[in-house]
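Below, each chain spelled out in residue letters.
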Amino acid sequence: MPAPLPRAVSILLLGCALTACQSSAPPPVAAVAAAPAVTTLPTGTGCGPTIARTQAIVAGDVKTGDLSAAVGTRFSADLDKAAGACAAGREGEAMSLLAAAKSRYGYR
């Protein structure tokens, strides 16, 4: 039969150890990455605002790293062709160029 004193000391030490694990301090707050600023997209109808909205989305994707700068440059060049057709009054061609560019780079 074990001696009562060593058993009592063991229980006391175990209790102290468990108490030391508990803290009254609040748990640490996980760091949250700052959300990127939301860009206001151009509004309106027709080829001009539609192309401008796509260009703003592409620029935002490049800025956040969701799209590489090299691909963003090529995409923007395709959008510039669509914008040129739009400015020349060729809306059908502009929308066709826009649709082709979006499809080529995986955008809807």
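See the structure shown above.
Once a new chain begins, its residue numbering starts again from 1 and follows that chain's sequence as written. Under the rules for a predicted model, residues below a pLDDT of 70 receive no local features and side-chain atom pairs below 80 are neither given nor counted, while totals for whole chains, interfaces and linings still include all residues. Only hydrogens and water are set aside when side-chain values are computed; all heavy atoms of the structure are taken into account.

The next subject is the packing of helix H2 (residues 47-64) against helix H4 (residues 91-104). For every element, the axis is a line fit to its C-alpha atoms; helices are fit only across the contacting stretch, and the angle between N-to-C directions ranges from 0 to 180 degrees. Put simply, DSSP H or I for four residues or longer makes a helix, DSSP E for two residues or longer makes a strand, and each gets a number counted from the N terminus. Where H2 contacts H4, the axes come no closer than 10 Å and their chain directions differ by 20 degrees. For the element pair H2 / H4, the angle class is roughly parallel. For the pair H2 and H4, the crossing hand works out as left-handed. Residue-level contacts link Cys47, Thr50, Ile51 and Thr54 of H2 to Glu91, Ala94, Met95, Leu98 and Lys102 of H4. For the contact of H2 with H4, the residue count by class is five nonpolar, two polar and two charged. When an angle is under 35 degrees it counts as roughly parallel; over 145 it counts as roughly antiparallel; between 65 and 115 it counts as roughly perpendicular; any other value is oblique. Handedness of a crossing follows from how the near helix is turned relative to the far one, being left-handed for an anticlockwise turn of less than a right angle and right-handed for a clockwise one. The contact criterion used is simple: two residues touch if any of their non-hydrogen atoms lie within 4.5 Å. Polarity classes work like this: nonpolar for Ala, Val, Leu, Ile, Met, Phe, Trp, Tyr, Cys and Pro, charged for Asp, Glu, Lys and Arg, and polar for all others, with Gly in that last group.

Cysteine sulfur atoms that come within 2.5 Å of each other are treated as a disulfide pair. Under the counting rule described, the total for this entry stands at one disulfide. The disulfide partner of Cys47 is Cys86, and the gap between their sulfur atoms is 1.9 Å. Across the disulfide from Cys47 to Cys86, rotation about the S-S bond amounts to roughly 80 degrees, and the bridge is consequently right-handed. Placement of Cys47 in helix H2 and of Cys86 in helix H3 (residues 69-87) is noted, with a sequence separation of 39 residues between them. Exposure remark for Cys47: the relative accessible area of 5% places this residue in the buried category. Only protein chains enter the calculation, and the probe is 1.4 Å; a residue is then buried if its accessible area is under 20% of its type maximum, exposed if over 50%, and partly exposed in between.

So, on to the side chain of Ser76. Assignment of secondary structure puts Ser76 in helix H3. Excluding residues that lie within four positions of it along the chain, Ser76 makes contacts with Gln55 and Val58.

The next subject is the side chain of Asp78. One can find Asp78 in helix H3. The exposure class assigned to Asp78 is buried, which follows from its relative accessible area of 15%. For Asp78, the side chain forms a polar contact with the side chain of Arg104, separated by 2.7 Å. Ignoring sequence-local partners within four residues, the contact set of Asp78 consists of Ala101, Arg104 and Tyr105. Side-chain atoms alone can form a polar contact between residues adjacent in sequence; in general such a contact is a pair of N or O atoms within 3.5 Å, and within protein one must be able to donate a hydrogen while the other accepts it.

Pairing of aromatic rings covers Phe, Tyr and the six-membered ring of Trp, with a centre-to-centre limit of 6.5 Å; geometry is then stacked below 30 degrees between planes, edge-to-face above 60, and tilted otherwise. What the rule picks out here adds up to two aromatic pairs. An angle of 20 degrees between the planes, with centres 4.5 Å apart, marks the rings of Phe75 and Tyr105 as stacked. Of this pair, Phe75 sits in helix H3 while Tyr105 sits in the segment after H4, and the two are 30 residues apart along the sequence. Exposure class is identical for Phe75 and Tyr105. Each is buried. Relative to Tyr107, the ring of Phe75 lies with its centre 5.1 Å away and its plane at 70 degrees, an arrangement referred to as edge-to-face. Of this pair, Phe75 sits in helix H3 while Tyr107 sits in the segment after H4, and the two are 32 residues apart along the sequence. When sorted by exposure, Phe75 lands in the same class as Tyr107, which is buried. An aromatic cluster is built from Phe75, Tyr105 and Tyr107, whose rings are joined through pairwise contacts.

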